[in-house]
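# Descriptive structure summary
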Amino acid sequence: MSKFLNTIYNRLSPYTPGEQPQGRQYIKLNTNESPFPPSPLVEVEVTKEIEKLNLYSDPLCKSVIHPLAQAVRMKPENVFVGNGSDEILAFCFQGFCEKGAAFADLTYGFYPVYAQLYGVEAEIIPLQEDFCIHVPDYYAKNKTIFIANPNAPTGLALDLEQLEQILSRNPSSLVVIDEAYVDFGAQSAITLLNRFQNLLVVGTFSKSRSLAGARLGYAVGSQDIIADLNRLKFSFNPYNVNRLTLAAGAASLQDKAYFSSCCKQIINTREFTIESLKKLGFICTNSKANFVFVSHPSCTGEELYHHLRENGILVRWFDLPRIDDYLRITIGTQKDMEALLSVLAIYVQNKE
Ligand SMILES: *Cc1c(COP(=O)(O)O)cnc(C)c1O
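What you see is a predicted model; the values in this text were computed from it and never measured. (Residues numbered from 1 in each chain as written. Predicted model: local features only at pLDDT ≥ 70, side-chain atom pairs only at ≥ 80, totals over all residues. Heavy atoms only, no water.)

Glancing now at the overall build of the chain. In terms of regular secondary structure, the chain is built from 10 helices and 12 strands. Over its C-alpha atoms the chain spans a radius of gyration of 20 Å, differing by no more than 12% from the 20 Å that the globule rule assigns to 352 residues. Seen through its principal axes, the chain has C-alpha atoms that stretch 60 × 50 × 50 Å. Within the chain, the proportion of its 352 residues that are buried is 52%. Taking the contacts inside the chain whose residues are at least 6 apart along the sequence as the reference set, 72% of them involve residues at least 24 apart. Counting only carbon and sulfur atoms, one obtains 52% of the accessible surface of the chain, whose full area is about 16,900 Å². Charged side chains of the chain number 32 positive and 37 negative; the gap between the two group centres comes to 4 Å. (Helix = DSSP H or I, 4+ residues; strand = E, 2+ residues; numbered from the N terminus. Rg over C-alpha atoms; globule rule 2.2 N^0.38 Å. Buried < 20%, exposed > 50% of the residue type's maximum accessible area, 1.4 Å probe, protein only. Contact = heavy atoms within 4.5 Å. Areas by Shrake-Rupley, 256 points an atom, 1.4 Å probe, with all protein chains shown as cover. Lys, Arg positive; Asp, Glu negative; His and termini not counted. Charge placed at Lys NZ, Arg CZ, Asp CG, Glu CD.)

Here it is, written out as structure tokens:
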């Protein structure tokens, strides 16, 4: 730390992203990226855009916001896009948390970091023993609620009735539903927007649309909330989404067939992976995401993580209370998962 940093940041503990190895070729199942390249249309449209890189991008992001609004049957005034959904979540902590924020003990690791960054008081609500959310714990909070649905790293999802309960019992508080993984089998809260003015749904092109490296996220909500997000954005960086990313996002939205085929493959491979892991004695949550969350009664999470790494497979292990015997394993291609399963099969059989 230099002597120039504001002292308020001395105690900041930044988010630790999963490894992005540059040397050895790993089967990379550690950061919930898609194993598939983006739609072929993305390359075509991004290439066309290169010659316009001398010009700033559209601060209104119309080429993405309009088709996105149409896809969710809302008006463009109900949609915002950001430099990854992380940027939008950051705006939410910065702009909507005067009375504090509430979120689970085991959830997206950026929530506590943003709370700290923006000096927001955080109420941490423990998940139940089985990692499910106890819905009544979220009633009458009188602060901004953040729920990742499906949750990370557990993969567990609330259904719409449960979300409705939380929304209707917090009429004066904003409820932010982070739907980074919704396309892999959970119900989207977007259909609740016509009934709840206190709902903001946040999503991303990083996982189901294979565009993690492009950085594109979106939010859908009431016109007032979206206007507030624009107020923050235009006070920070009006060109928050760059030209190539806007072209990539618009192309991805056009290719609906490619999108649904990728999601289907991930879902099928996830179900195959869970079934196979259970046969090896693993305990798996009922994941609705593009990852599984698993433990084995005869192995620690740490030993499994290191053993897989030595065999060229990267997964995520969190050295945190409650979940240090679990691994979060991203769903890759069918072939990736078969490689993972054969390494794990030999390892757990040698344990018995
Ligand atoms: C991956 C992820 C995000 C961040 O997505 P970006 O759009 O890449 O910034 C947000 N929330 C959750 C729960 C995630 O897992």
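A separate point is empty space enclosed by the protein. Tallied over the full model, the rule gives two cavities of 30 Å³ or more. Computed from the structure, the largest cavity encloses a volume of approximately 60 Å³. Along the walls of the largest cavity sit Ser39, Ser208, Arg209, Ser210, Ser252, Asp255, Tyr258, Phe259 and Cys262, which together make up its complete lining. The computed volume of the second largest cavity comes to approximately 30 Å³. The wall of the second largest cavity is formed by Phe103, Ala104, Thr107, Ile133, Tyr138, Phe146, Ile147, Ala148 and Asn151. Put simply, the parts of the chain that give the lining of the second largest cavity at least two residues each are strand S3 (101–104) and strand S5 (144–148). At three residues, S5 tops the list of elements feeding residues into the lining of the second largest cavity. Here the lining of the second largest cavity is built from residues that sort into seven nonpolar, two polar and no charged. (1 Å grid on protein atoms, 1.4 Å probe; cavity = no way out; pocket = protein on both sides within 12 Å on 5 of 7 lines; lining within 4 Å. Points joined across faces, edges and corners; volume = space filled by probe spheres on them. Nonpolar A, V, L, I, M, F, W, Y, C, P; charged D, E, K, R; others polar.)

Looking now at the pattern of salt bridges. Under the defined criterion, the tally for this structure stands at 12 salt bridges. When the shortest N-O distance is used, the salt bridge between Lys28 and Glu33 registers 2.8 Å. The shortest N-O distance in the salt bridge between Asp105 and Arg322 comes to 2.7 Å. You can see Asp105 sitting in the loop between S3 and helix H4 (110–117) and its partner Arg322 sitting in the loop between strand S11 (313–317) and strand S12 (327–330), a full 217 residues away along the chain. Its relative accessible area of 29% is what places Asp105 among the partly exposed residues. A network of salt bridges, in which partner residues are shared, links Glu49, Lys52 and Arg243. (Salt bridge = Lys/Arg side-chain N within 4 Å of Asp/Glu carboxyl O.)

In the vicinity of the ligand, the residues found are Gly84, Ser85, Asp86, Leu89, Tyr108, Asp178, Ala180, Tyr181, Thr204, Ser206, Lys207 and Arg215. At 2.6 Å from a nitrogen atom of the ligand is found a side-chain nitrogen or oxygen belonging to Asp178. Between an oxygen atom of the ligand and a side-chain N or O atom of Ser206, the distance comes to 2.6 Å. Here the ligand has 390 Å² of accessible area as a free molecule, and 93% of this is covered by the chains. In this structure, the ligand is accommodated by the largest pocket. Take the shell around the ligand: its biggest share by element is four residues, from helix H3 (residues 84–95). Across the shell around the ligand, the residue classes tally to four nonpolar, four polar and four charged. (Near = heavy atom within 4 Å. Polar contact = N/O pair within 3.5 Å; in protein donor to acceptor, adjacent residues only side chain to side chain. Sits in = over half its atoms within 2 Å of the grid points.)

To summarise the sheet geometry, strands pair through backbone hydrogen bonds and adopt either a parallel or an antiparallel arrangement. If you trace the five strands from one edge of the open sheet to the other, you get S1-S11-S12-S10-S9, paired in mixed fashion. What marks the edges here is a single partner per strand, and that holds for strand S1 (27–29) and strand S9 (283–284). Looking at chain direction, S1 and S11 are connected through three bridges and run parallel. Note that in S11 the partner of Ile27 across the bridge is Ile313. Contacting S11 and S12, helix H9 (residues 301–310) runs over the sheet at an angle of about 160° to S11. (Pairing = 2+ DSSP bridges. Axes fitted to C-alpha atoms, helices over the stretch in contact; angles between N-to-C directions.)

Mapped onto the secondary structure, Asn198 falls in the loop between strand S6 (175–178) and strand S7 (199–204). A polar contact is formed between the side chain of Asn198 and the backbone oxygen of Ser173, at a distance of 3.3 Å.

What follows covers the nonpolar core. Formed by 52 residues in total, the largest nonpolar core has its most connected members in Val64, Val81 and Leu199. Every residue in contact with Val81, bar those within four places of it in the chain, is listed here: Cys61, Val64, Ile65, Leu68, Ile88, Leu216, Gly217, Tyr218, Asn240 and Val241. Counting 35 residues, the second-largest nonpolar core is a separate cluster that includes Leu280, Ile313, Trp317 and Val348. (Core = buried A, V, L, I, M, F, W, Y, C linked by side-chain atoms within 4.5 Å.)

Of all the positions in helix H1 (residues 40–49), only Val42, Val46 and Glu49 are classed as buried. For H1, the arc enclosing every buried residue in end-on projection is 55°, short of the 170-degree limit, so these residues lie on one face. The outward face of H1, more than 90 degrees from its buried face, is lined by the exposed residues Pro40 and Glu43. Check the buried side of H1 and you find it contacts helix H7 (243–254). (Arc of directions from axis to C-beta.)

Mapped onto the elements, Asn151 comes out in the loop between S5 and helix H5 (160–168). Residues in contact with Asn151, not counting those within four places in the same chain, are Leu106, Thr107, Tyr108, Leu127, Leu156 and Phe291.

Take the packing of H3 against H4 next. The contact between H3 and H4 brings their axes to 9 Å, and the two run at 45°. Taken together, the axes of H3 and H4 lie oblique to each other. Of the two possible hands of crossing, H3 and H4 adopt the one that is right-handed. Here H3 contributes Asp86, Glu87, Leu89, Ala90 and Phe93 to the contact with H4, which in turn contributes Phe110, Tyr111, Tyr114 and Ala115. Here the contact of H3 with H4 is composed, by residue class, of seven nonpolar, no polar and two charged. (Parallel < 35°, antiparallel > 145°, perpendicular 65-115°, else oblique. Left-handed = near helix turned anticlockwise from the far one by under 90°.)

Read these as geometric descriptors, not functional statements.
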